[in-house]
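# Coordinate inspection notes
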Amino acid sequence: MSTHPPLKLVPSTPGTARPAWDDQLIQRYDLSGPRYTSYPTAVEFSDAFTATDMADAARGSADNGGPLSLYVHVPFCARLCYYCACNKVLTRRREAAEPYVTRLLKEARMQADLFGAGRRVQQLHWGGGTPTFLPPDQMGRLMAGLRDIFDLELGDGRDFSIEIDPRELTDTSLAQLHALGFNRISLGVQDFNARVQKAVNRLQPRRMVEDILCESRSQGFRSINFDLIYGLPHQTPDTFARTVDEVLAMRPDRLSIFSYAHLPQRFFSQTRIRSEDLPSPADKLAILHQTIDTLIGAGYQYIGMDHFALPDDPLAVAQREGRLHRNFQGYTTHGDCDLVALGVSAIGQTTDAYFQNAHDLDAWEQRIDAGELATIRGVALTNDDRIRRWVIGQLICQFRLDYAEFEARWQRPFGLCFVEALHRLREMEADGLVTIGGESLEVKAPGRLLIRAICQLFDAYRVEDAGQRFSRII
């Protein structure tokens, strides 16, 4: 059993007030909408944005200076999880890792030449796929190569994280990861119910996860995250409640509670999941409702959308202090970092642009082998995009927007910039989702669960293209 310190309840402040569940409001506003890991969102990326444009954006970033964040995408998975919608390559050939790492380091050198190799990398994240698919020698080679190419932070201020499939670890894996410099991990748990695990082809007993958690804490990892998924086959409110209780007994620092979107027409692996085995929409909402209540009651701070954190976690502290940001890695305390993207399908960003690598592994390899950037699409931000990105970021991270701060930053009155959005917000104000005050726009407790719907009112692309398909908000 975990020896993590007892949870500490904190007073309700603007950064910690709990969300409120209202069935009628959820029924009215639970439509489709972006998750706003970027603005403009990825559906606005265009192949008219080329590798040349990406290089120009990176050089502009170098001129601006400042710290960097690195994202490394490792697409390989040894086993197929039926629910997965990530870009992955299914193989048991561990030797495939060596040429991939070689190409990653080649790409890193090209990117460093553009972004500036001397800039401090404060944040590093390896995602997938399954990053721990890489054999130990290749993980070491990759990290050593990145240290040679970039100026990786060595102190406690670094945020170096890796996604972990508990089934992929050996007795020495965590010690190696910590020695490589990682100080934060995210464990894919999903559900502890054996029937659910079998239905999604991901068998991992609770004891396995608990042992990893205890070992990771003894190694010195911090801000340990668990991923859970609701809406999977055979889940019921009662079975998922038991999983949540088992998770709370371990008390991870952070929790991500994701909604499963069943789209077998888009993701072939999901054809292995029978629609008739999925919980009903009513049961799925009941699962989410009781999970939120349970986590808040246990002392977790509601960060936003799917995310929760203990009150003393850096994510929770940043939200209370108004320093929280959001990007393609989710909620983060490093919003001032431009993002360097390495690997197939990886997405990077600067102040002025977003850009994505080739989604197909062969295409990415061909570009890198030819000594070319692998960017195939992206978007250059207009000044209007930057303004709206800031507004959406304030709402989705802080649940509040201060007019004076907006006007000081953008040199224009908030009310004149968003006449139409404020007009449409009046209906939400009447429904108790927001308060349109004289000095600020505040998201009230019922609006926190529906923050994506609120943010859409400031999304110029959604106003123009209301038919664009996204996942449901709740």
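In this numbering scheme, every chain counts its residues from 1 along its sequence in written order. The predicted nature of this model means local features are confined to residues of pLDDT at least 70 and side-chain atom pairs, given and counted, to a pLDDT of 80 or more, with totals for whole chains, interfaces and linings taken over all residues. With hydrogens and water excluded, all non-hydrogen atoms of the structure serve as input to the side-chain values.

## Regarding the pattern of salt bridges
By salt bridge we mean one thing: a side-chain nitrogen of Lys or Arg within 4 Å of a carboxyl oxygen of Asp or Glu. One pass over the full model with this rule turns up 28 salt bridges. Of the charged contacts in the structure, one is a salt bridge between arginine 254 and aspartate 313, with a shortest N-O distance of 2.7 Å. Taken together, the positions of arginine 254 in strand E9 (residues 254-259) and aspartate 313 in the loop between strand E11 (307-309) and helix H10 (314-320) put the pair 59 residues apart, joining distant regions of the chain. Neither residue differs from the other here; arginine 254 and aspartate 313 are each classed as buried. The helix and strand labels rest on DSSP assignments: H or I over at least four residues marks a helix, E over at least two residues marks a strand, and numbering proceeds from the N terminus. The buried label goes to any residue with under 20% of its type's maximum accessible area, the exposed label to any with over 50%, and the partly exposed label to all in between, with areas taken from a 1.4 Å probe on protein chains only.

## Focus: the packing of helix H2 (residues 51-64) against helix H3 (residues 97-115)
For the pair H2 and H3, interaxial distance at closest approach is 7 Å and the crossing angle is 55°. What the angle tells us is that H2 and H3 run oblique. Here H2 contributes Met54, Ala55, Ala58, Arg59, Ser61 and Ala62 to the contact with H3, which in turn contributes Gln111, Leu114 and Phe115. Under the scheme applied here, ten amino acids are nonpolar (Ala, Val, Leu, Ile, Met, Phe, Trp, Tyr, Cys and Pro), four are charged (Asp, Glu, Lys and Arg), and all others, including Gly, are polar. Considering only residue class, the contact of H2 with H3 consists of six nonpolar, two polar and one charged. Simply put, an axis is a line fit to the C-alpha atoms, just over the touching stretch for a helix, and the angle between two N-to-C directions goes from 0 to 180 degrees. Should an angle lie under 35 degrees it is considered roughly parallel, over 145 roughly antiparallel, and from 65 to 115 roughly perpendicular; all remaining angles are considered oblique. When checking whether two residues touch, look at their non-hydrogen atoms; a contact exists if any pair is within 4.5 Å.

## What about the layout of surface pockets?
Using a grid of 1 Å spacing that covers the protein atoms alone, one calls a set of points a cavity when a 1.4 Å probe fits there but cannot get out, and a pocket when the set is open and has protein on both sides within 12 Å along at least five of seven lines; lining residues are those with an atom within 4 Å of a point. Grid points are joined across faces, edges and corners, and a volume is the space filled by probe spheres set on the points. Of the voids in this model, the second largest pocket is the one considered here, and its volume is about 1,000 Å³. The wall of the second largest pocket is formed by 44 residues, among which His325, Gly335, Trp390, Gln394 and Arg409 lie closest to the centre. Broken down by secondary-structure element, the contributors of at least two residues to the lining of the second largest pocket are H10, strand E12 (325-327), strand E14 (338-342), helix H12 (383-398), strand E18 (400-402) and helix H13 (403-410). At nine residues, the largest contribution of residues to the lining of the second largest pocket is made by H12. Among the residues making up the lining of the second largest pocket, the classes are represented as 14 nonpolar, 19 polar and 11 charged.

## So, the pairing of strand E1 (residues 68-74)
Every regular strand shows the same layout, with side chains that alternate between the two sheet faces. The element E1 is largely enclosed, with a buried count of seven among its seven residues. Every second residue of E1 is oriented toward a common face, with Leu68, Leu70, Val72 and Val74 on one face and Ser69, Tyr71 and His73 on the other, all of them buried. We treat two strands as partners when DSSP finds at least two bridges between them. Of the pairings in the sheet, the one linking E1 to E14 comprises five bridges and is parallel in character. Directly across from serine 69, in E14, lies its bridge partner leucine 339.

## Points about unusual backbone geometry
Of the consecutive residues tyrosine 39 and proline 40, the connecting peptide bond is found in the cis state with omega at -5°. The topology assignment puts proline 40 in the loop between helix H1 (23-29) and H2. Here glycine 128 and glycine 129 are connected by a cis peptide whose omega angle stands at 20°. Take glycine 129: it is sitting in the loop between strand E4 (120-128) and helix H4 (136-149). Positive phi values are uncommon outside glycine, yet serine 223 reaches one of about 50°. Relative accessible area serves as the criterion here: at 3%, serine 223 is assigned to the buried category. A positive phi angle is found at arginine 251, which is not glycine, with a value near 55°. Within the element layout of this structure, arginine 251 appears in the loop between helix H8 (237-250) and E9. By relative accessible area, arginine 251 is classed as partly exposed at 27%.

## Observations concerning empty space enclosed by the protein
Going through the model one piece at a time under the given rule, you end up with one cavity of 30 Å³ or more. As a volume, the largest cavity reaches approximately 40 Å³. Contributing to the lining of the largest cavity are Val189, Gln190, Asp191, Val196, Gln197, Val200, Arg202, Gln204 and Leu232. Among the secondary structure elements, those contributing two or more residues to the lining of the largest cavity are strand E7 (184-190) and helix H6 (194-199). Partitioning the lining of the largest cavity into residue classes produces four nonpolar, three polar and two charged.

## Considerations on the nonpolar core
To form a nonpolar core, buried Ala, Val, Leu, Ile, Met, Phe, Trp, Tyr and Cys residues must be joined to one another through side-chain atoms within 4.5 Å. Judged by nonpolar contacts, the single largest core of 129 residues is most densely connected at Trp126, Leu146, Phe150, Phe182, Leu395, Leu425 and Phe458. Tallying contributions element by element places H3 first for this core, with 10 residues. Sequence-distant contacts of leucine 425, that is, excluding residues within four places in its chain, are made with Val434, Ile436, Leu441, Ile454, Leu457 and Phe458. Listed in part, the 11 residues of the second largest apolar core include Leu80, Tyr82, Cys84 and Ile273.

## Notes on the packing of aromatic side chains
Only Phe, Tyr and Trp rings are paired, with Trp represented by its six-membered ring, and only when their centres lie within 6.5 Å; those with planes under 30 degrees apart are stacked, over 60 edge-to-face, the remainder tilted. Applying the stated criterion across every chain, the model contains 18 aromatic pairs. With centroids separated by 5.3 Å and ring planes inclined at 65°, the aromatic side chains of tyrosine 302 and phenylalanine 308 adopt a geometry described as edge-to-face. The same class applies to tyrosine 302 and to phenylalanine 308, which are both buried. Aromatic pair phenylalanine 414 and phenylalanine 418: ring centres 5.2 Å apart, planes at 45°, arrangement tilted. Each member of the pair phenylalanine 414 and phenylalanine 418 is classed as buried. Of the aromatic side chains, those joined through ring pairs into one cluster are Trp390, Tyr403, Phe406, Phe414, Phe418 and Phe458. We note arginine 158 situated over the ring of phenylalanine 160; from NZ or CZ to the ring centre the distance is 5.9 Å. Above the plane of the ring of tyrosine 331 lies arginine 326, whose end atom (NZ or CZ) is 4.6 Å from the centre. Comment: the charge-over-ring label is applied if NZ (Lys) or CZ (Arg) is within 6 Å of the ring centre and within 35 degrees of the ring normal.

Geometry only, nothing functional implied.
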